[in-house]
Amino acid sequence: MTDMKLMQGNEACAAGAIAAGVRFFGGYPITPSTEIAETMAKDLPAVGGHFIQMEDEIGGMGVVLGAALAGQKVLTATSGPGFSLKQELIGYAACAEIPVVIVDVQRVGPSTGQPTSPSQGDVMQARWGTHGDHPMIVLSPWSVRETFDATVMAVNYAERFRTPVILLMDEIVGHLRENVQLPEQEKIDVYTRRQPTKTREQGYQPYKPEADLVPNPAAFGTGYRIHVTGLVHDYTGFPSGSPAVTEEFIDRLHKKIAIAQDEITHYDEFFMEDAEYAVVSYGGVARTAYEAVQQARRQGIKVGMVRLMTIWPFADKVIEKIAGKVKSILVPELNYGQLVNEIKRAANGQCEVKLLAKYNTEIFTPEEILSEIEKLQGGSK
Amino acid sequence: MEDRIYEKYFRQHRLPHIWCPGCGNGIVMKAIVEAVEKQKLNRDNTVIVSGIGCSSRASGYMDFDTLHTAHGRAIPFATGIKLANPKLNVIVITGDGDCTAIGGNHFIHGARRNVDLTVVLFNNSIYGMTGGQASPMTPVHKKATTAPYGSVDRPFDACHLAEAAGAAYVARSTAFHVQHLTDMIAGGIARDGFSFIEAVVQCPTAYGRKNKMADPAQMMMWMRDNAVMKAAWDKLPTDKRDEKFPIGVFYQHEFTEYGKAYNEVIEMAQGGKK
């Protein structure tokens, strides 16, 4: 372990990106994510990388995708309004299978909303913001140290699955300062992008998938002379209007993530062994929920907690299992109610699922969540 | 034996192209590979990046690393490619709608930033792929499906725009003046910085038919009769300019190329240069 230091979530994100091998950042200033860009501007050139401030959020997405196609590991960061603008090229990255991490440090919306109060209002946009059918990997850290780890993980998943990965932070975690001890570089698991195994002469096809359904398009400038497009394409990379090719393509995009879902589903369980009630939470809100659950336990209430780090693909199996054990699930969210509907779907009627929504710019207090936990107990008697 | 240029630089299996009979895009695409040949670029180190629209389908036919991006976004992608691997020669193919409407912000900032890119704008004065809507480069009073009474929008002069925004090299030619066009593109490739070449092309199908020039040859004759070499243009009295327009190299500036300037940042950050 390295020395203990006081660090902000946004700074931990930048440090995690560099530790994971990111050497290119393009972006546009927006609170509450700006410290990520500022840290990258200072630290990336020191490791021989590039930081570029672009003319807008769309340019920030385009420039990192170009760098990724030239072989670099890349990351960009934004908040709600910028996240909306980036959606066009997030879809491009999904279609052309370009590894990229997009950090969204959420703030209250819609539109300019309440800059820059905390929110979890982009949960559904992270999943469905770009048009068309596509899978999405979305990770939401709950601490400064986990922001570092989640960023490394996000870069690794982007590279391994050749897909956009969203690091869905919130203002709470982004601006939180905590003492952290970061791992030594050699202890960090860093994925290296796969290279083509065949030459052009051997019939290399840039978009032909391997056994894991992920293809190996060559980096530009390596002599393969490949074509990359946002049109639906076949294994050669060239556009195809064929219904069969389109169906196989859309299927494969989804399946390459689906077959790895168990491995990329990260969550914590607390006090669940004998729990009669559960709080399901994520991101900065989970810190408050954890405190409330501990207070409830001290009062003798048999409540447990599940903290989701992987938001998408949704942890259906995890929720289905706990819904079969408890009488009710409480879902505190800093939005009008987004992930709660997925939790209801996965619980599939096995237990009551109750939303505790807050969207007035303030974070939850432990007492607010505790009071709802107490009501769960009352309701079940 | 040296390959013939079509066989050397085009993906034979992707041809014939999708452009309409009489379209000028193929002429510009050929001029680009002639310029690549002339400048002796290593094909495996050359990337063609395009946006969306008729012009931008060219990338698929050209046997390089090629990238067909989203509408208007070719310049940001190209910027990332060039900075990530400065050994690559990066040529951008765009159209009047792609570059000056939806991509307008990227265009002016690309010129300002001065990354070593060569941007070739195929100006057919219309949105061809979507069937003939007015673009920011459709001349006033010309008709389009979205300007059935004639356009009242004042058009951009993309060359003036590029120069004002800080491009290192700005030139114009036409699909009629093929050798000249090739030279203009070759000059842009040779320049270390953001180079911009406007290539005026005929679109008989979506533009010509609406504007009493349905015959491609007639459109090319119009280019022959109205394009004036810059030196002659400068001497031409304003009242004689009418529909005429200048071609040639308009501006060349020695600005520090962005990637090279950033190398100094890297050096400073690593504790070298102060």
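Residues numbered from 1 in each chain as written. Chains lettered and ligands numbered in written order. Predicted model: local features only at pLDDT ≥ 70, side-chain atom pairs only at ≥ 80, totals over all residues. Heavy atoms only, no water.

Caption draft 1: Structural detail: the overall build of chain B. A tally of helices and strands in chain B yields 11 helices and 10 strands. Seen through its C-alpha atoms, chain B measures out along the principal axes to roughly 65 × 45 × 35 Å. For chain B, buried positions account for 57% of its 274 residues. By sequence separation, contacts in chain B at least 24 residues apart represent 67% of the contacts at least 6 residues apart. Mean positive and mean negative side-chain charge positions of chain B (31 and 27 charges, respectively) differ by 3 Å. (Helix = DSSP H or I, 4+ residues; strand = E, 2+ residues; numbered from the N terminus. Buried < 20%, exposed > 50% of the residue type's maximum accessible area, 1.4 Å probe, protein only. Contact = heavy atoms within 4.5 Å. Lys, Arg positive; Asp, Glu negative; His and termini not counted. Charge placed at Lys NZ, Arg CZ, Asp CG, Glu CD.)

Caption draft 2: Highlighting the packing of helix α1 (residues 9-19) of chain A against helix α6 (residues 144-161) of chain A. Residue and element names in this part refer to chain A. Where α1 contacts α6, the two axes come as close as 7 Å, and the packing angle between them is 30°. On the basis of the axis angle, α1 is roughly parallel to α6. Crossing geometry of α1 relative to α6 is assigned as right-handed. Here α1 contributes Gly9, Ala12, Cys13, Ala15, Gly16, Ala17 and Ala19 to the contact with α6, which in turn contributes Val144, Thr147, Phe148, Thr151 and Val152. By residue class, the composition of the contact of α1 with α6 is eight nonpolar, four polar and no charged. (Axes fitted to C-alpha atoms, helices over the stretch in contact; angles between N-to-C directions. Parallel < 35°, antiparallel > 145°, perpendicular 65-115°, else oblique. Left-handed = near helix turned anticlockwise from the far one by under 90°. Nonpolar A, V, L, I, M, F, W, Y, C, P; charged D, E, K, R; others polar.)

Caption draft 3: Looking closely at helix α2 (residues 34-43) of chain A. What α2(A) keeps buried is the set A:Thr34, A:Ile36, A:Ala37, A:Thr39 and A:Met40. In this structure, the buried residues of α2(A) make contact with α1, β2 (22-27), β3 (50-53), β4 (73-78) and β5 (100-108) of chain A.

Caption draft 4: Geometry of the confidence of the model for chain B. Scored by pLDDT, chain B has a mean of 96; 98% of the residues are at 70 or more. Per the prediction output, this complex has pTM 0.97; the corresponding ipTM is 0.97. (pLDDT = per-residue confidence, 0-100.)

Caption draft 5: Molecular detail of the sheet that holds strand β13 (residues 303-308) of chain A. All names here are of chain A. Read across the sheet, five strands follow the order β11-β13-β12-β15-β16 without closing on themselves; strand pairing throughout is mixed. Edge strands, defined here as strands with exactly one partner in the open sheet, are β11 (267-270) and β16 (352-357). Here the strands of the sheet are splayed against their neighbours by 20° on average, with no regard to which way each runs. As judged from the six bridges shared by strand β12 (residues 277-282) and β13, these two strands associate in the parallel manner. Following the sheet pairing, Ser281 is matched in β13 by Arg307. (Pairing = 2+ DSSP bridges.)

Caption draft 6: Local environment of the environment of B:Ile102. All names here are of chain B. Among the secondary structure elements, Ile102 is positioned in helix α4 (residues 96-102). Of the residues examined, Ile102 reaches a relative accessible area of 36% and is grouped as partly exposed. The spacing of Ile102 and Gly72 is 30 residues in sequence and 5.1 Å in space, taken between C-alpha atoms. Not counting residues within four places of it along the chain, the set of residues in contact with Ile102 comprises His71, Gly72, Arg73 and Gly97.

Caption draft 7: Geometry of the pairing of strand β1 (residues 46-50) of chain B. All names here are of chain B. Burial of β1 is extensive: five of the five residues sit out of reach of the surface. Every second residue of β1 is oriented toward a common face, with Thr46, Ile48 and Ser50 on one face and Val47 and Val49 on the other, all of them buried. The pairing of β1 with strand β3 (residues 89-95) spans five bridges and is classified as parallel. Directly across from Ser50, in β3, lies its bridge partner Ile93. By the bridge criterion, four bridges tie β1 to strand β2 (residues 65-68) in an arrangement that is parallel. Along β2, the bridge assignment pairs Val49 with Leu67.

Caption draft 8: Structural context of the packing of aromatic side chains. A full pass over the atoms with the stated rule returns 17 aromatic pairs over all chains. Three or more aromatic residues joined by ring pairs form one cluster here, namely A:Trp142, A:Phe270, A:Phe271 and A:Tyr290. Note that A:Arg127 overlies the ring of A:Trp128, its terminal NZ or CZ placed 3.8 Å from the centroid. Sitting above the plane of the B:Trp233 ring, B:Arg241 keeps its charged end 4.2 Å from the centroid. (Phe/Tyr/Trp six-rings, centres within 6.5 Å; stacked < 30°, edge-to-face > 60°. Lys NZ or Arg CZ within 6 Å of the ring centre and 35° of its normal.)

Caption draft 9: A look at the domain arrangement of chain A. Residues and elements named next belong to chain A. As far as domains go, chain A holds domain 1 (4-187) and domain 2 (266-380). Averaged C-alpha coordinates put domain 1 and domain 2 at centres separated by 27 Å. Carbon and sulfur atoms make up 62% of the area that domain 1 and domain 2 hide from each other, which totals about 2,200 Å². Our count for the contact surface shared by domain 1 and domain 2 stands at two salt bridges. Counting the contacts that link domain 1 with domain 2 gives 15 residue pairs in polar contact (both at pLDDT 80 or more). When residues of the side of domain 1 that touches domain 2 are traced back to their parent elements, those giving at least two are β6 (114-118), α5 (123-128), β7 (137-139), α6 and α7 (171-175). Residues that form the side of domain 1 that touches domain 2 fall into these classes: 16 nonpolar, seven polar and five charged. (Domains from an automatic or database assignment. Buried area = accessible area lost by both parts, 1.4 Å probe. Salt bridge = Lys/Arg side-chain N within 4 Å of Asp/Glu carboxyl O. Polar contact = N/O pair within 3.5 Å; in protein donor to acceptor, adjacent residues only side chain to side chain.)

Caption draft 10: Spatial organisation of the pattern of salt bridges. For the structure on display, the rule yields 40 salt bridges over all chains. Linking B:Arg113 and A:Glu55 is a salt bridge whose minimum nitrogen-to-oxygen distance equals 2.8 Å. Of this pair, B:Arg113 sits in helix α5 (residues 104-113) while A:Glu55 is found in the loop between β3 and α3 (57-69), placing the two residues in two different chains. As far as the burial class goes, B:Arg113 and A:Glu55 line up, both buried. Across the pair A:Arg193 and A:Glu159 runs a salt bridge, and its minimum N-O distance is 2.6 Å. Taken together, the residues A:Arg193 in the loop between β9 (177-181) and β10 (227-229) and A:Glu159 in helix α6 connect sequence positions 34 residues apart. Take A:Arg193 and A:Glu159: they sit in the same class, and that class is buried.

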